[in-house]
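The residues making up each chain are set out below.
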Amino acid sequence: MKKKVVKFGGSSLASAEQFRKVGEIIRSDESRRYVVPSAPGKRFSADTKVTDMLYGCYHLAEAGKDFSGALENIRARYMEIIEGLSLDLSLNEQFEEIAENFRSKAGEDYAASRGEYLNGIVMAAYLGFEFVDAAEVVCFNADGSFNADKTDEVMSRRLADLGCAVIPGFYGAKPDGTVKTFSRGGSDITGSLVAKAVHADLYENWTDVSGFLVTDPRVVKDPATISTITYREMRELSYMGATVLHEDSIFPLRKEGIPINVRNTNRPEDPGTMIVESTCNKPRYTITGIGGKKGFASITIEKAMMNSEIGFVRKVLQVFEENGLSIEHTPSGIDTLTVYVNQNAFEAKEQQIIAGLHRAVQPDLIELESDLALIAVVGRGMRRTRGTAGRIFSALAHAHVNVKMIDQGSSELNIIIGVENRDFETAIQAIYNIFVVAQL
Ligand code: ASP
């Protein structure tokens, strides 16, 4: 029988009503055997996630203040779900233990992890699946770093004989048993780890959107959904600011060839987005997605005969390295090299860097420009298609956008375009129109 790992985000588990939708999804396909829940999220936009309530409650405890009211509010969130589902389940024991551990200052990670822990217990009771505490199967090293090999070994052994199980997301434990969490949104990572450990056929990540959108809905109204995206394309887009899935959740799966399907709990009929290692499936619109970010500065270093000076680029880059600045792009000409960096980070170090460059390479000229945006047009389909770049630039010209920089990686997976911040939205809309709207 097929094995699917299903992870549900906080908004999918925020109330009894949401739990019921989740139950229906799981019961409608018996291969959905391993369930990874987040903590209950927001029920409405002004609501507070249980994880944030836990952080707040623990901070009171840590400061020696009365946290009983705050903990009662958290208990109320779970009681609403338990009663709404008519479950015969009491969390009294667990809440007593949590209160005691808060009093003895068990740590912020322990506190935050209880959201997933309790939700896992509720979910296991609701589904009739076995509950497996993530502290047993997600392993961190004593220094707090994640131990991938040990996790895989321990988790595959523990899950091997279980037909069905609920494993709470977001946390694990160090060798001495201290609870440690991943960064925020980390339940996605747990889902990947479980999928890898059980050699799942598919990892379904259920959230409140129907997959990845071709571009940012704050820039383009109702953008189309991407039906299939590769891991590499996703990396290119996520780096440019698109976030649906925790970045670190793709690493455990990349080498395993396990696809991820991002689905919408509120619209289970939508196919969502498939994230795969590689595919012959042609993207519907030649391009897969358009990502982008504002707030870059560029530093152009000009020096006659630069191209024949061995070590020139290294010396330039070393100045940025020594100042702790990460570099986004380095387009170059015969006698020029331009370095794109985050503007805020650069502004703090501007004068040191300019002085450093003068010392390192004695340039003829250093030119600075700020308020720049980078747009990444990403698509595995570009390699096979003639004229993609031509279409992008004619769309931008028609939209009166001045292109300041072009960088096409030799993988032909993306074209990165630099424009002024104020042209950012116009540029994305123009590129979207030419590839997506014009094709509909
Ligand atoms: N509950 C945690 C958070 O709010 C982890 C997660 O939902 O993935 O970040």
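Residues numbered from 1 in each chain as written. Predicted model: local features only at pLDDT ≥ 70, side-chain atom pairs only at ≥ 80, totals over all residues. Heavy atoms only, no water.

Digging into the packing of aromatic side chains
This model, assessed by the stated rule, comprises 10 aromatic pairs. The interplanar angle of 75° and the centroid separation of 6.4 Å between the aromatic rings of F102 and Y110 together place this pair among those described as edge-to-face. Here F102 falls in the buried class, since its relative accessible area comes to 0%. Overall, the relative accessible area of 8% leaves Y110 in the buried class. Consider the rings of F140 and F146, whose centres lie 5.6 Å apart with planes at 65°: the pair is edge-to-face. The class of F140 is buried, set by a relative accessible area of 4%. An aromatic cluster of three or more residues is present, and its members are Y58, F67, F102 and Y110. For the cation-ring pair, R27 lies above Y126, with the distance from its terminal atom to the ring centre recorded as 4.8 Å. (Phe/Tyr/Trp six-rings, centres within 6.5 Å; stacked < 30°, edge-to-face > 60°. Buried < 20%, exposed > 50% of the residue type's maximum accessible area, 1.4 Å probe, protein only. Lys NZ or Arg CZ within 6 Å of the ring centre and 35° of its normal.)

Re the site of the ligand
Taken together, S38, K49, T51, E116, F170, R184, G185, G186 and S187 make up the full set of residues adjacent to the ligand. Here an oxygen atom of the ligand sits 2.8 Å away from a polar atom, N or O, in the side chain of R184. Protein burial of the ligand: of its 270 Å² of free accessible surface, 93% is covered by the chains. Counting atoms within 2 Å of the grid points, the majority share of the ligand lands in the largest pocket. For the shell around the ligand, a count of residues per class yields 1 nonpolar, 5 polar and 3 charged. (Near = heavy atom within 4 Å. Polar contact = N/O pair within 3.5 Å; in protein donor to acceptor, adjacent residues only side chain to side chain. Areas by Shrake-Rupley, 256 points an atom, 1.4 Å probe, with all protein chains shown as cover. 1 Å grid on protein atoms, 1.4 Å probe; cavity = no way out; pocket = protein on both sides within 12 Å on 5 of 7 lines; lining within 4 Å. Sits in = over half its atoms within 2 Å of the grid points. Nonpolar A, V, L, I, M, F, W, Y, C, P; charged D, E, K, R; others polar.)

Observations regarding the environment of G169
Residue position: G169 is located in the loop between β4 (165–166) and β5 (171–173). Taking the C-alpha atoms as reference points, G169 and N119, separated by 50 residues in sequence, lie 9.6 Å from one another. Apart from residues no more than four positions distant in its own chain, G169 is found in contact with V36, P37, E116, S187 and T190. (Helix = DSSP H or I, 4+ residues; strand = E, 2+ residues; numbered from the N terminus. Contact = heavy atoms within 4.5 Å.)

Concerning a positive patch on the surface
On the surface, a cluster of positive charge is contributed by R232, K282, R383 and R384. Locating R383 in the fold gives a position in the loop between β14 (365–378) and α13 (388–398). (Patch = residues over 30% accessible without salt bridge, like charges linked within 9 Å, V, L, I, M, F, W, Y side chains within 5 Å. Salt bridge = Lys/Arg side-chain N within 4 Å of Asp/Glu carboxyl O. Lys, Arg positive; Asp, Glu negative; His and termini not counted. Charge placed at Lys NZ, Arg CZ, Asp CG, Glu CD.)

Re the pairing of strand β10 (residues 273–276)
Pairing of strand β8 (residues 228–230) with β10 involves 3 bridges; the strand directions are parallel. From the neighbouring strand, T230 faces β10, where its bridge partner is V276. Of the strand pairs in this sheet, strand β9 (residues 260–264) and β10 are connected by 3 bridges, and their pairing is antiparallel. Counterpart to I260 in the pairing with β10 is I275. (Pairing = 2+ DSSP bridges.)

What about the pattern of salt bridges?
Side chains bearing opposite charge may pair, as long as their charged atoms lie close to each other. In this structure the tally under the stated criterion is 25 salt bridges. Between R158 and E136 there is a salt bridge; the shortest N-O distance is 3.0 Å. Here R158 is found in helix α7 (residues 148–160), whereas its partner E136 is found in helix α6 (residues 134–137), with 22 residues between them in sequence. R158 sits in the partly exposed class, given a relative accessible area of 27%. K404 is the partner of E369 in a salt bridge, and the nearest nitrogen-oxygen pair spans 2.6 Å. Of the two residues, E369 is situated in strand β14 and K404 in the loop between α13 and β15 (405–408); the sequence distance between them amounts to 35 residues.

A closer look at the environment of Y340
Its place among the elements puts Y340 in strand β13 (residues 336–342). Separated by 78 residues in sequence, Y340 and G418 have C-alpha atoms that sit 9.5 Å apart. The residues contacting Y340, other than those within four sequence positions of it, are F296, A297, S298, I327, E328, H329, P331, L372, L374, K404 and M405.

Side note on the sheet that holds β14
The strand order β12-β13-β11-β14-β16-β15 describes an open sheet built from 6 strands, whose pairing is antiparallel. Across the chains shown, the open sheet's two edge strands, defined by having one partner strand only, are β12 (327–329) and β15. The sheet shows a mean angle of 40° between the axes of neighbouring strands, taken without regard to direction. Bridge count for β12 against β13 is 2 bridges, and the pairing is antiparallel. Pairing of H329 across the sheet is with Y340, part of β13. (Axes fitted to C-alpha atoms, helices over the stretch in contact; angles between N-to-C directions.)

In short, geometric facts, not functional conclusions.
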